[in-house]
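# Analysis of the macromolecular model
So the chains spell out like this:
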Amino acid sequence: MNGPDKLRRGSITGQWKQLGLVGVPVSKGQKKDGTEKGPASLRDGGLVERLTDIGCDVKDYGDADFGEVNEDQCYDNVKNPRSVAQGTLKTADMVEQALRTEGHCLAIGGDHSMAIGTIMGHARVNPDMAVLWIDAHADINTPLTSDSGNIHGMPLSFLAKELDQYVPHMPGGWEDIQACISVEQIAWIGLRDVDPGERKIIEKYDMNAFSMQEVDRYGIREVLEKAIKAVDPDGDKPIHVSFDVDAMDPAHTPSTGTPVSGGLSVREMSYIAEEVADTGRLAMVDVAEVNPNLGSKQDVDNTVKSAIDIAARFFGNRRQGLCPPDYDIPVVPKNIRRSSIQTTRQEIVKHLS
Ligand SMILES: NC(=[NH2+])NCCC[C@H](N)C(=O)O
Ligand SMILES: [Mn+2]
Ligand SMILES: [Mn+2]
């Protein structure tokens, strides 16, 4: 081969021309206020500009309206079931519309209960999607296996058809939320805090769960390859990435509600994003669990920066660099003497104008 993967990779921007952005300002899936401000913190941090710079044509669909639910009593131990259900249905509609219109979608949360709506909406368009769930947590507790009662620890139990028998039918909108994917469509990367009921489900259904132990044993390259092979053996499925920022080490994403030490490095996470982008099959990304209420200003800035960096990598930004399709190396006109770079530049500008 001639140079590092020269033939396989282009370096031109604009692979994802059209991209719908959907904000999912949910915080009722867990107990800490602040994730409802996640979408605003990512927009204020320059997310759209970053995506535009790398050649994306971003259409911002705004935020799903989570409204206010009066007296959202617990269902058994499940907290805020009606609030989450109501916003989930709105999220699903917006994601569906964004995907149908733009072809690609980036959903920014919000706690990870956001993914019930994003995957539901995505499944209406691509029911055969492959889901890569990048997270310290498995988020597949059922309401009955969950100790916390927080819905952000349960989204996959509502989404996986095989688990229907374990999930109670809750009131207040949940009748419209139906499981839409199979356990075989899901692979996790980054796990390091898995509850007993979750571990049981993973083993019972022989699910594709890659913990940090596998990352340490095989390296991120092999783990990612195995994960993609597991959910997309023929390499022809649309890919949904659900990225919980707590998958990364808290050194990079400290402002999140349930940080767990020993997470993915910037390099490992960048590698995942670049390689998934390179498949050409990425349809949608969720960015979950940014909580600007937690930590110092520096912590929040670091978290927002990491989240934006990774989101941009999923949509085409590469560590090797990019150049716009119409970029040309500036030529020095023959009649201009090279006295110094400074004057050359000025003279070229003069010459051109
Ligand atoms: N999306 C997340 N950060 N989830 C954390 C879940 C923690 C724990 N497993 C629970 O069920 O409550
Ligand atoms: Mn998590
Ligand atoms: Mn999560």
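See the structure printed just above.
Quantities reported herein were computed from a predicted structural model and do not represent experimental measurements.

## Observations regarding the coordination of the manganese ion (ligand 2)
- Ligation of the manganese ion (ligand 2) by protein atoms is provided by Asp135 (OD), His137 (ND1), Asp244 (OD), Asp246 (OD) and Asp246 (OD), these donors lying 2.1 to 2.4 Å from the ion.
- In this structure the manganese ion (ligand 3) is found 3.2 Å away from the manganese ion (ligand 2), and Asp135 serves as a bridging donor for the pair. Note that His137 is positioned in the loop between β4 (130–134) and α5 (155–159) and Asp244 in strand β7 (residues 239–244), a separation of 107 residues in sequence.

## A short note on the site of ligand 1
- With respect to spatial proximity, 13 residues lie near ligand 1, and among them Asp139, Asn141, Ser148, Asp195 and Thr258 are the closest.
- In this structure, His152 approaches ligand 1 through a main-chain N or O atom, which is 3.3 Å from a nitrogen atom.
- Taking Asp195, its side chain carries an N or O atom lying 2.7 Å from a nitrogen atom of ligand 1.
- Look at ligand 1: alone it shows 350 Å² of surface, and the protein chains cover 92% of it.

## Brief notes about the packing of aromatic side chains
- Tallied over the entire structure, the rule returns one aromatic pair.
- With 4.5 Å between their ring centres and 40° between their planes, Phe158 and Trp174 make a pair best called tilted. Taken together, the residues Phe158 in helix α5 and Trp174 in the loop between α5 and β5 (186–191) connect sequence positions 16 residues apart. Each member of the pair, Phe158 as well as Trp174, carries the same accessibility label: buried.
- We note Lys226 situated over the ring of Tyr218; from NZ or CZ to the ring centre the distance is 4.3 Å.

## Focus on the coordination of the manganese ion (ligand 3)
- Protein coordination at the manganese ion (ligand 3) comes from His112 (ND1), Asp135 (OD), Asp139 (OD) and Asp244 (OD), with a distance range of 2.0 to 2.2 Å.
- For the manganese ion (ligand 3), all donor residues lie on one chain, and their spacing in sequence is H-x22-D-x3-D-x104-D.
- Overall, His112 belongs to the buried group, its relative accessible area being 0%.
- Residue class for Asp135 comes out buried when judged on its relative accessible area of 0%.

What counts and what doesn't
- Residues numbered from 1 in each chain as written.
- Chains lettered and ligands numbered in written order.
- Predicted model: local features only at pLDDT ≥ 70, side-chain atom pairs only at ≥ 80, totals over all residues.
- Heavy atoms only, no water.
- Donors = N, O, S within 2.8 Å, 3.2 Å for Na, K, Ca; no water.
- Helix = DSSP H or I, 4+ residues; strand = E, 2+ residues; numbered from the N terminus.
- Near = heavy atom within 4 Å.
- Polar contact = N/O pair within 3.5 Å; in protein donor to acceptor, adjacent residues only side chain to side chain.
- Areas by Shrake-Rupley, 256 points an atom, 1.4 Å probe, with all protein chains shown as cover.
- Phe/Tyr/Trp six-rings, centres within 6.5 Å; stacked < 30°, edge-to-face > 60°.
- Buried < 20%, exposed > 50% of the residue type's maximum accessible area, 1.4 Å probe, protein only.
- Lys NZ or Arg CZ within 6 Å of the ring centre and 35° of its normal.

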